[in-house]
Amino acid sequence: MKNPKLFRTKSFMPFMALLCTMAILLTACSSSPTQNGDSSQESDKKTLTMAIAAETTTLSTLYMVNDNYSTAQLVYENLVNFHNGQVVPGLAERWEYNEDQTELTFYLRKNVQFHNGTPFTAEAVKKNLEHKRSNPAFYSLKGITDITDMEVIDEHTLKITFSHPFYAYLQDFCWPDVNPIVAEELLIEGDFQTVAGVIGTGPYIYDEIVPGQYTRFVRNENYWGEKPDFEEVIVKYIPDSTSRIQALKTGEIDMIFGSALISYDEYDQIIKLDGIEGQIADIETRVRDITLNASRPLMNDLNVRKAIAYAINKDEITETIFSGYEPPADIPATHDTPYADIELDVKFSYDPDKSISLLEESGWILNEKTGIREKDGQPLSLVMTMEELFDAGTKPVANILKSQMQKVGIDLNIKGQEQMQWYADYLAGDFDITLWHTQAAFASPHTWFTPMDTMYPQTSSLKGLDDADEFFAVINKLVNMTDDNEIRETYTYLFNYNLGNVIDIPLTYQKDMIVYNAEKIEGYTFTRVPYFFDILSLEAK
C-alpha cells in the first residue's frame with residue numbers, strides 16, 4: 001500500500017492522548033506477521049532489515065507509540081536536538097534570543113527538501129508550529145503554548161515571540177516524537193487532530209506498508225546531510241519476542257533495537273549466539289518510577305507511603321530483573337538531566353523492619369492467617385496499575401514489587417492494562433500505585449513537574465496533600481524563570497517535596513540496547529536520546 005493512511009487522533013503526546021480514537025488506532029496493529037515478509041527485496045540492494053512490535057500505522061507526530069521510536073528518525077527531524085546535556089543544531093543551524101529572552105529566532109538550513117519535493121522553509125516551520133499550538137495537549141510544552149506571534153523574516157529565518165521568558169523554551173523543540181517538522185500538505189488548518197501521512201525531511205522516505213508484514217523505507221537521495229549506508233530499510237512486524245529472536249538467529253532480520261523489544265535476560269542470551277553482537281547504552285534512557293496516590297483512603301497516611309518506600313529493595317530489582325544493567329535510582333531524573341544534581345533531604349533505603357514499624361504505628365496489624373495487615377477489619381490491599389506492554393521489564397518489576405510488599409504484610413494487586421485504559425485510570429485517579437517512567441533528559445525536569453496540576457498520575461495524588469497549593473505555586477513561578485541559581489533552588493524544593501512526601505519512588509535507571517548481525521553491522525553509537533534509533537549512528541560493514 002503506497003502512501004500511508006490518514007493519521008487522526010485527539011492528541012500527540014502519550015500522556016494526553018484522547019482515549020477512544022487512540023484505542024481504535026492501537027488495536028489496528030494486532031494482525032499476525034508474515035514470516036517471509038517482503039518477497040520483493042532485490043539481492044543487489046544494500047538492505048537493513050529490523051523488527052518492530054507495533055506496525056507503523058502509528059508513525060505519526062500526533063500519537064507515536066514506544067514501538068515506533070526505532071523508526072521515527074528514519075523519516076522525521078527536529079529544528080534542534082539534545083546532546084551531552086546541551087541543545088545542538090538540527091534543521092535549524094543556529095538560533096538566538098533577544099536580551100529579555102522573549103524572542104527566539106531560528107536560522108534554518110538551506111537546500112533542505114521534504115520527501116514530497118517541496119522546500120523546507122520558515123513558512124513550513126511556522127505552519128507546523130501553528131498546528132501544534134492549536135492542540136491543547138501541548139499544555140506542558142511551553143515552547144509551543146507560550147508563542148504569541150511568529151514572523152517569517154525571510155525564506156530561512158523565523159522569529160518566535162513568547163508571552164514571557166523561560167529558560168527551557170529551546171528544550172521543548174527537542175522532542176523526537178511530537179516536535180519534528182512535517183510537510184505542509186499534511187496539516188489541515190483548524191484541525192489539530194489530523195496529520196495526513198508520513199512526510200518529513202529525514203534520511204529515509206516512507207515508501208510502502210504491507211499490513212501485518214512490513215514497512216519499507218527507501219533512502220532519501222536528496223537528503224541534506226550525511227547519506228546512510230543502506231539503500232533501504234525493511235521493518236518487519238514481529239510482535240512476539242521469541243519470534244524476533246529466532247528471526248535474528250536465522251538471518252531473517254539484521255537487528256533488534258530498544259528495551260521495548262528486548263529484556264536484559266534475552267540480551268545476555270542473544271549475544272551468545274554465533275555471529276550476533278550487542279551493545280547497551282552507557283547513559284540512562286529514563287527512570288523507572290512508581291507514583292503513589294495520596295488521595296486514596298489507604299494511601300493518605302504518610303506512614304503507609306513511607307513504609308512502601310522502605311519495603312522496596314532496589315538492589316534486588318537491579319540484580320534479579322535487570323542483570324545488574326539498571327542501577328538503583330534515587331531521583332526521578334537521569335544523570336544527564338539539567339538541574340538533577342541536587343541534594344536530597346531524605347533517601348529511603350531498603351529497611352523492612354522500619355517499614356513494619358511505620359505500619360504498626362499507624363494501626364496496621366498483621367493477620368497471621370492471611371499474611372496481610374488489617375485495620376478496623378479492612379485489609380491493606382492496594383491496586384497497582386501499569387501499561388502492561390510498555391517494555392520488557394514492566395511485568396517483572398510489578399511482580400517483584402508484589403513480592404516485596406507481601407513480606408511486610410501489604411497485598412499488592414497488579415492491574416495490567418493496555419495503554420489507553422491505563423491513561424484513563426490514572427487521569428481519573430483510579431489507582432493506589434502506578435508503575436511508569438520519567439521523562440528523558442531533554443524534557444526534564446521542567447516537563448516532569450509542569451503537567452502535575454492537570455495530566456499526570458501525580459495530579460490525583462497531590463489532591464491528598466494539604467500544602468499542595470504551595471507546590472503548584474512554585475511550579476507556576478518556575479515557568480517564568482531564567483536565572484540559573486533561582487532555577488536550581490526551585491528544583492531542589494520541588495524534588496524534595498515530591499520525594500519527601502513519597503509521591504514518587506524512583507526505582508532504577510533504565511537503559512536501552514541493540515543486538516545485531518555482526519557480519520553486516522560494525523557497531524552503533526547511542527545518541528543522548530537513546531531510546532530513539534538513529535540510523536546515522538549505525539556503522540555498516
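Residues numbered from 1 in each chain as written. Predicted model: local features only at pLDDT ≥ 70, side-chain atom pairs only at ≥ 80, totals over all residues. Heavy atoms only, no water.

Draft legend 1. Seen up close, the overall build of the protein. In terms of helices and strands, the protein carries 15 helices and 26 strands. Computed over the C-alpha atoms, the radius of gyration of the protein is 24 Å, within 12% of the 24 Å expected from 2.2 N^0.38 for a compact globule of 541 residues. Taken along the three principal axes of its C-alpha coordinates, the protein extends 70 × 60 × 40 Å. If you take every contact in the protein between residues at least 6 apart in sequence, the share linking residues at least 24 apart comes to 71%. If you sum the accessible surface of the protein, you get close to 20700 Å²; carbon and sulfur atoms cover 45% of it. A distance of 3 Å separates the average location of the 44 positive side-chain charges in the protein from that of its 82 negative side-chain charges. (Helix = DSSP H or I, 4+ residues; strand = E, 2+ residues; numbered from the N terminus. Rg over C-alpha atoms; globule rule 2.2 N^0.38 Å. Contact = heavy atoms within 4.5 Å. Areas by Shrake-Rupley, 256 points an atom, 1.4 Å probe, with all protein chains shown as cover. Lys, Arg positive; Asp, Glu negative; His and termini not counted. Charge placed at Lys NZ, Arg CZ, Asp CG, Glu CD.)

Draft legend 2. Region of interest: helix H3 (residues 122-133). Helix length check: H3 (12 residues) gives 16 Å between terminal C-alpha atoms against 16 Å at 1.5 Å per residue, within 8%. By the burial criterion, the buried members of H3 are Ala122, Ala124, Val125, Lys126, Asn128, Leu129, His131 and Lys132. Looking at the buried residues of H3, the elements they touch are strand S6 (103-108), helix H4 (142-145), strand S7 (147-154), strand S8 (157-162), strand S9 (187-188) and strand S10 (191-195). (Expected span 1.5 Å × (residues − 1). Buried < 20%, exposed > 50% of the residue type's maximum accessible area, 1.4 Å probe, protein only.)

Draft legend 3. Seen up close, the packing of aromatic side chains. Counting across every chain of the model gives 38 aromatic pairs. Ring geometry for Tyr167 against Tyr339: centres 5.6 Å apart, planes inclined by 85 degrees, an arrangement best described as edge-to-face. On the criterion of sequence distance, the pair formed by Tyr167 in the loop between S8 and S9 and Tyr339 in the loop between helix H8 (314-320) and helix H9 (352-361) is long-range, its members being 172 residues apart. Here Tyr167 matches Tyr339 in class, with each residue buried. Seen from their ring centres, Tyr491 and Phe495 are 6.4 Å apart, and the 40 degrees between their planes marks the pair as tilted. Separated by four residues within a single helix, Tyr491 and Phe495 lie in helix H15 (residues 484-500), roughly one turn from each other. A relative accessible area of 0% means that Tyr491 is categorised as buried. (Phe/Tyr/Trp six-rings, centres within 6.5 Å; stacked < 30°, edge-to-face > 60°.)

Draft legend 4. Highlighting the pattern of salt bridges. In the structure shown here, the tally under the stated rule is 17 salt bridges. Among the salt bridges present, the one from Glu360 reaches Arg373, with a minimum N-O distance of 3.7 Å. With Glu360 in helix H9 and Arg373 in strand S18 (residues 373-375), the pair connects residues that are 13 residues apart, well separated along the chain. A relative accessible area of 44% places Glu360 in the partly exposed class. Judged by its relative accessible area of 4%, Arg373 is buried. With a shortest N-O distance of 3.4 Å, Glu388 and Lys395 are connected by a salt bridge. Here Lys395 falls in the partly exposed class, since its relative accessible area comes to 38%. In the salt-bridge network here, residues are joined through shared partners; they are Asp207, Glu208, Arg216 and Glu232. (Salt bridge = Lys/Arg side-chain N within 4 Å of Asp/Glu carboxyl O.)

Draft legend 5. Representation of the sheet that holds strand S17 (residues 365-366). Read across the open sheet, the three strands follow the order S17-S18-S19; overall the sheet is antiparallel. Among the strands making up the open sheet, the edge pair consists of S17 and strand S19 (378-379). Bridge analysis of S17 against S18 gives two bridges, and the strand direction is antiparallel. The residue of S18 that forms the bridge with Leu366 is Arg373. (Pairing = 2+ DSSP bridges.)

Draft legend 6. Main features of the nonpolar core. With 114 residues, the main nonpolar core has Leu79, Phe106 and Met255 as its most contacted residues. Setting aside residues up to four positions removed in sequence, Leu79 forms contacts with Pro89, Gly90, Leu91, Ala92, Phe106, Leu108, Phe120, Val125, Phe173 and Ile181. Counting residues in each nonpolar core, the second largest holds 51 residues, with Tyr310, Ile321, Leu401 and Leu435 among its members. (Core = buried A, V, L, I, M, F, W, Y, C linked by side-chain atoms within 4.5 Å.)

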